[in-house]
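What the coordinates show
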Amino acid sequence: MSIRIDVTRTKFYQELTEDKRREYFDLTRNKILPCIDNVYYTCFFNRDKNGNVWMLPLFDELAEAKQSAQAKHANISFGHKLQLTPYGFNIYKYCVSEPDLYDIFITDYLPNDDTPRVLVQLRAYGLWVYGVEKMISDSFRQVQELFDMYAYDDHTFEITKCRENRIDYCYHTNIIKNPYKEFSEDKLERTCHTIFNNYGIVGHIEKSKTADKNISFVKDYISFGKRAANNIFVRIYNKGLEVVQLAYKSFFFEVWQQQGLINTYDKFCYEFAYENKDFDAIHKARLQFYIDHGADAEVITKFQKELDKKKPPLEYKELADSLMPEVTTVLNIEFETKRRFYYYSDKFIDAHLKNTTSCVYQLQRLFKILDNRHLFLDYLTSKTLSFKKTDGSYCDWWQRLRSSKLDTVRSDAKLVREYSKELDHNIVLKRAVNAVATNALYSGLDDYDFRADVSDLLSNINDNTIASYVKNKASKKKRLKNMLS
């Protein structure tokens, strides 16, 4: 059993039996979960050039479909199983998507011979749940199949090569207990070594009503380099905060628990905050966890009365701190590498690196990089950015990061999908109930009769609303197909 020391000092922990302590708080301490979080790669076609007449039928259908998608403000079916979205990216006017897995961007204009016709973005959900090898192979196959649909007069669209555009290497970790202290200016000056000339810190201010301490500065995000640069950018930030505030990628909570990064208590609190789309709601969740699992009836009554007051979530922090553990902080340490980073190593990659993944020849360059990512990560975590002691050796937490295995995360795909579906479904139900209550108040219904309020809501729906419902449901069915399958 591995439980954080600060957890064992809390009053709630002291109340519990050994079995309950293990059930609620067991995790893997100093856990580091490395993964590839984003991959963009490009596809070049044989004898392709600007004004390629062979591709005109494809462009005509894409243009017509996009016009329809924009008019409906929704994705529409395109090809065998893809969806065309109303938006594009830069010169890539058209985007066809396999929702939650990957996007395929296509341009009908090539500014020069080195501009790729296709840009593919692999999404985090597919990379974390199914792995980078499967996502690259599946997306490449889909690009080829899409263009093959428009082959005619014995003309085929052969993809001649694929090239990396951007690869993000990330480390999700619970190893940093106090980011404010670890990344303070004083500590950074003593430990941080980097090739960058720029850094930035973003945080938020917690304001307390107590007289002795009315303000706290909380670091949420630190970056090295410039985001607009076309080489390397590094960021270290509170991943739990991002997932909650943006209300997406809820699957991480299940993956983190499967991998021992967080425990049952942490997961409950993150889910509670996620459903409220407010990270500060974690403190309300801490009180709710005691109400659900605590032993002291007086404390349960006190906490429930406080929650019933509907105060701002942050105002519950001090009360929660008096009895309950802090929620485990999950940081993301991410190296964003772009095409130019690998461009300087082109000769070395092509001449000396071997890919161990079995793949078609067009993907060999990409897998040479991914199969040998330990070489690039060794450089990134030693020369680009590192944290060292005064004697020149790496700080313990950074050495652990550098020594972590680079295997693909293995998670139960079905369990992760079902978990995400259920959590997001709960949010939909909560919003639906709120909508019923709001409509009832507008209708002047003061009695608390849920069935009557639902009936009133339905009676106010007209034909235009029903038509909008049908359109939205069809659109959402396509967008959520990979989550619901």
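Residues numbered from 1 in each chain as written. Predicted model: local features only at pLDDT ≥ 70, side-chain atom pairs only at ≥ 80, totals over all residues. Heavy atoms only, no water.

**Quick notes on the environment of Ala63**
This is how it is decided: Secondary structure follows DSSP: runs of H or I at least 4 residues long count as helices, runs of E at least 2 residues long count as strands, and numbering of each begins at the N terminus.
For Ala63, the position within the fold is in helix 4 (residues 56–72). Here the alpha-carbon distance between Ala63 and Asp108, two residues 45 residues apart in the chain, equals 9.8 Å.

**Some thoughts on the state of the cysteines**
Quick reminder of the rule: The definition used for a disulfide is geometric: two cysteine sulfur atoms within 2.5 Å. Relative accessibility decides the category of a residue: with a 1.4 Å probe and only protein chains considered, values under 20% of the type maximum give buried, values over 50% give exposed, and everything between is partly exposed.
As enumerated under the stated definition, the model contains zero disulfides in all. For Cys43, which is in no disulfide, the shortest distance to another cysteine sulfur is to Cys162 and amounts to 3.7 Å. Cys43 sits in the buried class, given a relative accessible area of 0%.

**Focus on the packing of helix 6 (residues 132–148) against helix 17 (residues 364–371)**
Applicable threshold: Every angle, taken between N-to-C directions, lies between 0 and 180 degrees, and every axis is a line fitted to C-alpha atoms, over only the stretch in contact when it is a helix. In what follows, roughly perpendicular refers to angles from 65 to 115 degrees, roughly parallel to angles under 35, roughly antiparallel to angles over 145, and oblique to any angle outside these ranges. Two residues form a contact once any of their heavy atoms are found within 4.5 Å. Throughout this entry, Asp, Glu, Lys and Arg are counted as charged residues, while Ala, Val, Leu, Ile, Met, Phe, Trp, Tyr, Cys and Pro are counted as nonpolar. The remaining residues, Gly among them, count as polar.
Where helix 6 contacts helix 17, the two axes come as close as 12 Å, and the packing angle between them is 170°. Judged by the inter-axis angle, helix 6 sits roughly antiparallel to helix 17. Between helix 6, through Val132, Glu133 and Ile136, and helix 17, the contact on the second element is made entirely by Leu366, Phe367 and Leu370. Residue classes in the contact of helix 6 with helix 17 are distributed as five nonpolar, no polar and one charged.

**Here's the deal with the pairing of strand 12 (residues 331–338)**
Let me state the cut-off plainly: Here, a strand pair is defined by DSSP locating no fewer than two bridges between the strands.
For strand 12, the tally of buried residues reaches eight of eight residues, placing the bulk of the element in the interior. Residues Leu331, Ile333, Phe335 and Thr337 point to one face of strand 12 and Asn332, Glu334, Glu336 and Lys338 to the other, with burial holding for every one of them. Bridge count for strand 7 (residues 159–173) against strand 12 is eight bridges, and the pairing is antiparallel. In the strand pairing of strand 12, Thr173 is matched with Leu331.

**Focus: the packing of aromatic side chains**
Rules: Geometry of aromatic contacts follows a simple scheme: Phe, Tyr and Trp rings, the Trp one being its six-membered ring, pair when their centres are within 6.5 Å, and the pair is stacked under 30 degrees between planes, edge-to-face over 60, tilted otherwise. Here, a charge over a ring is recorded when the distance from Lys NZ or Arg CZ to the ring centre is within 6 Å and its angle to the ring normal is within 35 degrees.
For the coordinates displayed, the defined rule picks out 36 aromatic pairs. Pairing Phe253 with Tyr274 gives two aromatic rings, centres 5.9 Å apart and planes at 90°, and the pair type is edge-to-face. With a gap of 21 residues between them, Phe253 in helix 10 (residues 251–258) and Tyr274 in helix 11 (residues 264–276) connect regions that are remote in the sequence. Using a relative accessible area of 0% as the deciding quantity, one classes Phe253 as buried. The exposure class assigned to Tyr274 is buried, which follows from its relative accessible area of 3%. Counting every residue linked through ring pairs, the aromatic cluster contains Phe12, Tyr13, Tyr24, Phe25, Tyr265, Phe268, Phe272, Phe289, Tyr290 and Phe303. Above the ring of Tyr316, the side-chain terminus of Lys311 is found at 5.1 Å from the ring centroid.

In short, geometric facts, not functional conclusions.
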